[in-house]
Amino acid sequence: MQHAFSGNFRNLWYGPRSLPWILWFCLLLLPGFASARSLQIVVHPMFGETPISLHQERTAISGEQFQVSRFDYLLSEVRIRETSGIWRSLGPPFSSGFAFGSAAQGPLRWSFPNLPPGDFDAIAFRVGVPTDVDGSDPAQYPPDHPLNPTVNGLHWGWREGYVHLALEGRYRKSDQSLGGFSYHLAGGAGPMPVELNVNFNTHRDATVELEFDVRAILGDHRIENQDSTHSRDGDSTAPVLAARVSQAFRLQKVSREMFQEVAAESQASPGSASAFPWRIPKRFPQVKLPEDNLPTRQGVALGRRLFFDPILSHQQQQSCASCHDPARAFTENRGVSIGVVGKEGKRNAMPLTNLLWEQAFFWDGRTARLRDQVLLPIEDPLEMNASLPEVLQDLNADSTYREAFAKAFGEPDITANRLALALEQYLLTELSYNSRFDQALRQEVELTEQEKRGFELFVTEHDPARGLRGADCFHCHGGALFTSHKFTNNGLEADFLDLGRFLATGEDSDRGKFKTPSLRNVAVTGPYMHDGRFSTLEEVIEHYDSGVQRTATLDPNLAKHPPAGLELSPADKSALIAFLQTLTDTRFLTSDEPVTKAPAFTQR
């Protein structure tokens, strides 16, 4: 059995069936118990303190205005230094020994699986490739290999060798005309050595995040004085830039989380938009991004602005965030929402987190795509009560919005489709994965005994005939995302006041069924259920303990419980609540990172 903390959440929920419960649970919480240890090196292309956006005008240290159109590089010969002073190579079998990074594709993620455990205090590598590799036949590499010329575009082709680093773009000359620059560091200029002090260990999975700073590479170099180099003999520019490359890396942070690699084809972007820097934990299910709406920095920023802007509502009185507060995991502290004209809605505001994995939206799942969902509240008379044509007219009259849409989609005209796509991009990037429970999975903190007991109850069947007396939560709220993504009748009432999923499908088997929400951040998303009938988690647990109403469509995992219910003790109920509170992701709720939580800018 793979240890749950190393990422296999199927075993996290179903482990008790394959091992005696107490043994399994003790193994789960033993420090250092893991079957695989991986290191991931992430390189973020930066300009100073901010991520690079290709084709965006910047100011160099020299004072010149310029834009970067290409920033590509090769890395090789990674080594890590044990605290004893011994250097260990991370070439084969831990990786191919090479990586290709490109600002057009966002952060470079380089994984090294199955490392032996150890404590380390430094990382070293080279920008470029060794001399023997530089002169080798590039046709030998498989189609997806970093050194395949069609992957990296960095082989000279007409002469031997690779370009170790390519930095290209446009700049404004002293007479204000536009010029181009092309810096290709190769041959005698590389490979360029880099060494950084970084404390980490491979007793558990680890991610080391670095920043690669274009501004530091250029330094005080004046582009107009020397706007190209191709590293030929006697070239004085290449050695200066190469020396700066070695000093242009810095440590961003070290974490015990591993992140998924987003495929290069998923990083294409329209116009001048740049790839969004995804951070999706590897322990979460693999995702498939919408190929016709790949999130970009510009698209996400635009969607965020729209989400917080009351321009989308009648007389510009209410924004999406009015009912979906990020500080409450995109919910609100009322049973049902109040619309622009003061009328009550019909249902509770759902949390809008980790939507990348959802396949149906609204409590009844009546839309299959997020882009379709986001437009409906705008014209709903009980919600934002606006006319979509009028909203589009107002947006198109705003020059700052037209400029933002042009950056995100390549066209300034604002249509209903582009409005929906921008909102979809923003909401797809709202990911929560850093609760205390997640930190315990990474063995950064330890749960209290009460929280452990709550977790035990959460993942234990309630089957008294077999000696199992748990809370049986995991059937509907299992897995890394704490939801089954299904529609369930959870026994709220015998006579349905709201037919739920039936209203979308017309199927009698869907009567009284509603979408199962994630329990991530559940402590801050009350009141609970589709109609907000329960104010507290205590009330929710009382319902599942003894208040379930039996009807024809009741979920089988609830219907199998004895008529007396779960009969949880007061101590067990408190323990369950204590565990649920560990699912609160404080960083997610309070983050001020510009791509996820900046306030709206509404100047028009």
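Residues numbered from 1 in each chain as written. Predicted model: local features only at pLDDT ≥ 70, side-chain atom pairs only at ≥ 80, totals over all residues. Heavy atoms only, no water.

Attention now moves to the overall build of the chain. When you go through the chain residue by residue, the secondary structure sums to 20 helices and 18 strands. Counting every position in the chain, which comprises 604 residues, the buried fraction comes to 57%. Across the chain, every contact between residues at least 6 apart in sequence was considered, and the portion connecting residues at least 24 apart equals 70%. In the structure as shown, the chain presents an accessible area of about 25,600 Å², 50% of it carried by carbon and sulfur atoms. (Helix = DSSP H or I, 4+ residues; strand = E, 2+ residues; numbered from the N terminus. Buried < 20%, exposed > 50% of the residue type's maximum accessible area, 1.4 Å probe, protein only. Contact = heavy atoms within 4.5 Å. Areas by Shrake-Rupley, 256 points an atom, 1.4 Å probe, with all protein chains shown as cover.)

The next point concerns the environment of L419. Tracing the backbone shows L419 in helix α12 (residues 416-428). Judged by its relative accessible area of 0%, L419 falls in the buried class. Residues L419 and L392, 27 residues apart in the sequence, show an inter-C-alpha distance of 8.4 Å. Setting aside chain neighbours within four positions, we find L419 in contact with L306, L312, L375, I378, L388, L392, L395 and F405.

Here we come to the pairing of strand β1 (residues 39-47). In regular strands, side chains alternate between the two faces of the sheet. For β1, the tally of buried residues reaches 9 of 9 residues, placing the bulk of the element in the interior. Side-chain alternation along β1 places L39, I41, V43, P45 and F47 on one buried face and Q40, V42, H44 and M46 on a second face that is also buried. Pairing analysis gives 8 bridges linking β1 to strand β12 (residues 206-213), with the strands arranged parallel. In the sheet register, Q40 faces β12, and the bridge partner there is T207. Of the strand pairs in this sheet, β1 and strand β2 (residues 50-51) are connected by 2 bridges, and their pairing is antiparallel. (Pairing = 2+ DSSP bridges.)

With that settled, the discussion passes to the environment of Q260. As for its position among the elements, Q260 is in the loop between β14 (249-255) and α7 (297-308). Taking C-alpha positions, Q260 is 8.3 Å from R109, a pair spaced 151 residues apart along the chain. Sequence-distant contacts of Q260, that is, excluding residues within four places in its chain, are made with R109, I280, P281, K282, F284, P285, Q286 and V287. In terms of polar contacts, Q260 uses its side chain to reach the backbone carbonyl oxygen of F284, at 3.1 Å. One polar contact links the side chain of Q260 to the main-chain carbonyl oxygen of P285, over a distance of 3.1 Å. (Polar contact = N/O pair within 3.5 Å; in protein donor to acceptor, adjacent residues only side chain to side chain.)

Next up on the list: the packing of aromatic side chains. One pass over the full model with this rule turns up 24 aromatic pairs. With 5.9 Å between their ring centres and 75 degrees between their planes, F259 and Y433 make a pair best called edge-to-face. Residue F259 is located in the loop between β14 and α7, and its partner Y433 is located in the loop between α12 and α13 (436-441); the two are separated by 174 residues in the primary sequence. In this pair, the class of F259 matches that of Y433, namely buried. Clustering of aromatic rings is evident, with ring pairs tying together F71, Y73, F125, F212 and F249. Above the face of the F487 ring, R501 is positioned so that its terminal group lies 4.3 Å from the ring centre. It is R511 that lies over the ring of F502; its NZ or CZ is 4.1 Å from the centre. (Phe/Tyr/Trp six-rings, centres within 6.5 Å; stacked < 30°, edge-to-face > 60°. Lys NZ or Arg CZ within 6 Å of the ring centre and 35° of its normal.)

For the second largest pocket, the calculated volume is near 890 Å³. If you go around the second largest pocket, you meet 46 residues; those closest to its centre are H324, M350, F362, Q373 and E383. Every element with two or more residues in the lining of the second largest pocket is listed here: α8 (370-373) and α12. Its residues assigned to classes, the lining of the second largest pocket shows 23 nonpolar, 13 polar and 10 charged. (1 Å grid on protein atoms, 1.4 Å probe; cavity = no way out; pocket = protein on both sides within 12 Å on 5 of 7 lines; lining within 4 Å. Points joined across faces, edges and corners; volume = space filled by probe spheres on them. Nonpolar A, V, L, I, M, F, W, Y, C, P; charged D, E, K, R; others polar.)

This part takes up the environment of R305. If you trace the backbone, R305 turns up in helix α7. Separated by 121 residues in sequence, R305 and Y426 have C-alpha atoms that sit 9.1 Å apart.

How two helices pack is summed up by the angle between their axes together with the distance between the axes. Axis separation between α7 and helix α11 (residues 399-409) bottoms out at 8 Å; the angle between their running directions is 145 degrees. The hand of the α7/α11 crossing is left-handed. Seen from α7, the contacting residues are Q298, G299, L302, R305 and L306; seen from α11, they are T400, Y401, A404, F405, K407, A408 and F409. Here the contact of α7 with α11 is composed, by residue class, of 7 nonpolar, 3 polar and 2 charged. (Axes fitted to C-alpha atoms, helices over the stretch in contact; angles between N-to-C directions. Left-handed = near helix turned anticlockwise from the far one by under 90°.)

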